[in-house]
Amino acid sequence: MTLDGVAPERFRQTYGTLPTGLVRAPGRVNLIGEHIDYCGLSVLPMALDRAVWMTFRARDDDQVRVATIEPGYEPVQFAARSPIEPGPPGHWGNYLRAGVSTLLSAGNGDGLASGIGFDALVATDLPVASGLSSSSALVVATAVAAIGAGNGGELDLTDAATRLDLAGRLAAGERYVGTAGGGMDQAACLLGVAGCALRIDFGPLSATSIQIPTDWALVVAHSGERAEKSGSAQRVYNTRTEEALGAVRVAWRVLGAEDRDGAGLESYRELLKVPFELGVVSRQMDGALGNRFTHIVSEARRVGEAASAVEAADLAGFGELLNASHESLKHDYEVSTPKLDALVARAIGAGAAGARLTGAGLGGAIVAVTHGSELDRLVDALADYDPFVAVAADGAESWTLSTP
Ligand code: GLA
């Protein structure tokens, strides 16, 4: 179905010629480590076997044209020339512009940009606006198509260092849409490894794959509430990033570090190297700020423990960490909704070892983990919420299509 949406014949009907390339950019499900990537703290997502797919063909001019069969998304056209002006806030074309714009602005002297346009057709089997990173997958797909069309100079995506570099650039580049996101989504999309969770560390960016025990089953289910990262959820998301920054500054002062320079006062990674009592520090902060701080610090600790639990195939331990993460996101970070809470409770009631909202929250999906032998029971219990088994996939790829 998905490939149908970007099929060469459909491309020809749209643009009058056949495509020369195909891109797959996966979504991701975050297993744990929510709302802490923008604090520079490690997270544990995996790339999904559901993706944004794009067929494309380079043009002779600098125009980028992108169309989709997905209902409600009109075709987009803009010139691959810096600066690329954004479309209206929340418009899907801004993710396309972000992908191309990142490559162009990376071109100051290092040969990334060439202003080559391309035509593209896009489709997805990822639920959109559901916390599974369809938007970052779209940004990555656009950038990979642009590279395939010739905007990438010597960029070689089979090179691991190039992928890492591109993930970092696209994370920064996606802020073009107005959301102050961290770097988890783009990294998961580009660095995914089949069968594995990814421990993503920041500063410098790196990804370590951890094999997911084959007798575990991960299930994603949708609350039915849309969580638009560049729409309704954006204000809350950006407020949280500011609160996170405010909290770490207060924490350093509470710990008597006024003499650190400005940047040092903003580092969670450095802060977590210092021994301190979480409750003692958070009580020095104004109500909500203390709660935000409690979530961030406790979630960072849970990520480390969860990575160990995956390695040790400790399903019960991993599940408890997921549950604790959800409670923290609900009470301390205030990004859950009654529907997400109900879905988490339903999953646990159906024997899941653990469940939590995944992604930015404020709607979207949950992820639940269970033993493979309990999978049917869990899927049945979530049947009204579009459940699917999350399979960990490799990162984004592109292929050359031979034209007859
Ligand atoms: C969105 C952002 C990510 C991350 C998550 C919450 O998906 O794009 O960078 O902050 O929310 O963990």
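What counts and how
- Residues numbered from 1 in each chain as written.
- Predicted model: local features only at pLDDT ≥ 70, side-chain atom pairs only at ≥ 80, totals over all residues.
- Heavy atoms only, no water.
- Pairing = 2+ DSSP bridges.
- Helix = DSSP H or I, 4+ residues; strand = E, 2+ residues; numbered from the N terminus.
- Axes fitted to C-alpha atoms, helices over the stretch in contact; angles between N-to-C directions.
- Parallel < 35°, antiparallel > 145°, perpendicular 65-115°, else oblique.
- Left-handed = near helix turned anticlockwise from the far one by under 90°.
- Contact = heavy atoms within 4.5 Å.
- Nonpolar A, V, L, I, M, F, W, Y, C, P; charged D, E, K, R; others polar.
- 1 Å grid on protein atoms, 1.4 Å probe; cavity = no way out; pocket = protein on both sides within 12 Å on 5 of 7 lines; lining within 4 Å.
- Points joined across faces, edges and corners; volume = space filled by probe spheres on them.
- Near = heavy atom within 4 Å.
- Polar contact = N/O pair within 3.5 Å; in protein donor to acceptor, adjacent residues only side chain to side chain.
- Areas by Shrake-Rupley, 256 points an atom, 1.4 Å probe, with all protein chains shown as cover.
- Salt bridge = Lys/Arg side-chain N within 4 Å of Asp/Glu carboxyl O.
- Buried < 20%, exposed > 50% of the residue type's maximum accessible area, 1.4 Å probe, protein only.

**Section: the sheet that holds strand β3 (residues 63-68)**
Here comes step 1: Pairing in this open sheet of six strands is mixed, and the strands run β4-β3-β5-β2-β1-β12 from one edge to the other. Two strands close off the open sheet at either side, each with one partner strand: β4 (76-79) and β12 (397-400). In this sheet, neighbouring strand axes are inclined to one another by 20° on average, regardless of whether the strands run parallel or antiparallel.
Here comes step 2: As paired elements, strand β2 (residues 44-58) and strand β5 (residues 118-124) share seven bridges and run antiparallel to each other.

**Comments concerning the packing of helix α5 (residues 160-173) against helix α6 (residues 184-191)**
Here comes step 1: It is at 8 Å that the axes of α5 and α6 come closest, and there the two elements cross at 150°. With respect to each other, α5 and α6 are oriented roughly antiparallel. Crossing of α5 over α6 shows right-handed handedness. Of the residues in α6, those in contact with Arg 163, Leu 164, Leu 166, Ala 167, Leu 170 and Ala 171 of α5 are Gln 186, Ala 187, Leu 190 and Leu 191.
Here comes step 2: Its residues assigned to classes, the contact of α5 with α6 shows eight nonpolar, one polar and one charged.

**Focus: the layout of surface pockets**
Here comes step 1: Roughly 800 Å³ of internal volume is contained in the largest pocket.
Here comes step 2: Together, 49 residues line the largest pocket, and Tyr 95, Ala 129, Ser 134, Ser 135 and Lys 229 are the ones closest to its centre.
Here comes step 3: Residue assignment for the lining of the largest pocket shows that the elements contributing at least two residues are β5, α4 (134-151) and α6.
Here comes step 4: Top element by residues in the lining of the second largest pocket is helix α7 (residues 234-254). It accounts for three residues.
Here comes step 5: The class makeup of the residues in the lining of the second largest pocket is seven nonpolar, seven polar and four charged.

**Focus: the site of the ligand**
Here comes step 1: Neighbouring the ligand are Arg 28, Glu 34, His 35, Asp 37, Tyr 38, Gly 182, Met 184, Asp 185, Lys 229, Tyr 237 and Ala 360.
Here comes step 2: The contact in question runs from an oxygen atom of the ligand to an N or O atom on the side chain of Glu 34, over 2.6 Å.
Here comes step 3: In this structure, Tyr 237 approaches the ligand through a side-chain N or O atom, which is 2.6 Å from an oxygen atom.
Here comes step 4: In isolation the ligand exposes 300 Å². Once the protein is present, 97% of that is buried.

**Points about the pattern of salt bridges**
Here comes step 1: In total, this model carries 18 salt bridges according to the counting rule given.
Here comes step 2: Residues Arg 12 and Glu 9 are paired through a salt bridge, measuring 2.5 Å at the closest nitrogen-oxygen approach. Of this pair, Arg 12 and Glu 9 are both found in helix α2 (residues 8-15), three residues apart, which corresponds to roughly one turn of the helix.
Here comes step 3: Residue class for Glu 9 comes out partly exposed when judged on its relative accessible area of 39%.
Here comes step 4: For the salt bridge of Arg 377 with Glu 374, the shortest nitrogen-to-oxygen distance reads 3.0 Å.
Here comes step 5: Accessibility expressed as a relative area gives 45% for Arg 377, which makes it partly exposed.

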